[in-house]
Amino acid sequence: GQNIDQPTEMTATEGAIVQINCTYQTSGFNGLFWYQQHAGEAPTFLSYNVLDGLEEKGRFSSFLSRSKGYSYLLLKELQMKDSASYLCAVGNDYKLSFGAGTTVTVRA
Amino acid sequence: DGGITQSPKYLFRKEGQNVTLSCEQNLNHDAMYWYRQDPGQGLRLIYYSQIVNDFQKGDIAEGYSVSREKKESFPLTVTSAQKNPTAFYLCASNRGDHPFNEQYFGPGTRLTVT
């Protein structure tokens, strides 16, 4: 079975940093993906981790610890347009299993 | 421009009717996927296809059917047997030659059945 947990909601101020945690227990693992989804729109790919450690992409970074079944997405220098849902997904055998998503609200 | 198209964006049907949602991609991707998204829940996999003329059930296939006659197209039929069909349906695709390839999503179809 697949169990992927992430917080439901987070709120932060413009210019601040927010860390979204994701823990997983899955029957297989080909990598961990983070997607951003604005309300009513399609998810868009943000990052991918398959090895332990930190991957940095501009204002977004993602970390993975396979032994702990843990990942986080770090959003720096928050902007109003970062208000969205962030989806953690575990890849397994060409399929993705998604967490319920974390809604991030950025306040001015 | 390459991408995935889903139409229509909003679809309304009466209970008891079958409805087919379209998904077309011009990314030359081998693999295609259908997900359903409900409020407060993650995306759940309905069906997927890694190659033309072949497809597999996902986690919630009951009440749905698909076909994959062309590489570009992967239509999803929501049958009257699906107990709670009202949802946001997302189609995705990827190269499929490696499990690490990210999936690209279409804009989605919001289906309402009354």
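Just above, that's the structure.
On a predicted model such as this, the values are computed, not experimentally measured, just so you know. (Residues numbered from 1 in each chain as written. Chains lettered and ligands numbered in written order. Predicted model: local features only at pLDDT ≥ 70, side-chain atom pairs only at ≥ 80, totals over all residues. Heavy atoms only, no water.)

**Observations regarding the overall build of chain B**
If you tally the helices and strands in chain B, you get zero helices and 11 strands. Listing every helix and strand of chain B by position from the N terminus yields β-β-β-β-β-β-β-β-β-β-β. Considering chain B as a whole, with its 114 residues, one finds that 47% of them fall into the buried category. For chain B, the proportion of contacts with a sequence separation of at least 24, taken over those separated by at least 6, is 53%. When the accessible surface of chain B is summed, it comes to about 5,700 Å², and 47% of that surface belongs to carbon and sulfur atoms. Within chain B, one finds 12 positive and 12 negative side-chain charges whose respective centroids are separated by 7 Å. (Helix = DSSP H or I, 4+ residues; strand = E, 2+ residues; numbered from the N terminus. Buried < 20%, exposed > 50% of the residue type's maximum accessible area, 1.4 Å probe, protein only. Contact = heavy atoms within 4.5 Å. Areas by Shrake-Rupley, 256 points an atom, 1.4 Å probe, with all protein chains shown as cover. Lys, Arg positive; Asp, Glu negative; His and termini not counted. Charge placed at Lys NZ, Arg CZ, Asp CG, Glu CD.)

**Looking at the pairing of strand 3 (residues 18-25) of chain A**
Residues and elements named next belong to chain A. Burial along strand 3 is one-sided: Val 18, Ile 20, Cys 22 and Tyr 24 are buried, while Gln 19, Asn 21, Thr 23 and Gln 25, pointing the other way, are not. In this sheet, strand 3 lies alongside strand 1 (residues 3-5) in antiparallel orientation, the contact comprising three bridges. Residue Ile 4 lies in a different strand from strand 3, and its bridge partner there is Tyr 24. Pairing between strand 3 and strand 8 (residues 70-75): six bridges, direction antiparallel. In the sheet register, Ile 20 faces strand 8, and the bridge partner there is Leu 73. (Pairing = 2+ DSSP bridges.)

**Focus on the sheet that holds strand 7 (residues 64-66) of chain B**
All names here are of chain B. Taken together, four strands build an open sheet; the order of strands is 1-3-8-7 and the sheet is antiparallel. With partners counted over all chains shown, the strands left at the sheet margins are strand 1 (4-7) and strand 7, one partner each. Pairs of neighbouring strands in the sheet enclose a mean axial angle of 20°, with direction left out of account. (Axes fitted to C-alpha atoms, helices over the stretch in contact; angles between N-to-C directions.)

**Details of the sheet that holds strand 8 of chain A**
Residues and elements named next belong to chain A. One open sheet accounts for five strands, arranged 1-3-8-7-6; its pairing is antiparallel. Of all the strands in the sheet, the pair left with one neighbour each is strand 1 and strand 6 (53-57). In this sheet, adjacent strand axes meet at a mean angle of 15° when their direction is disregarded.

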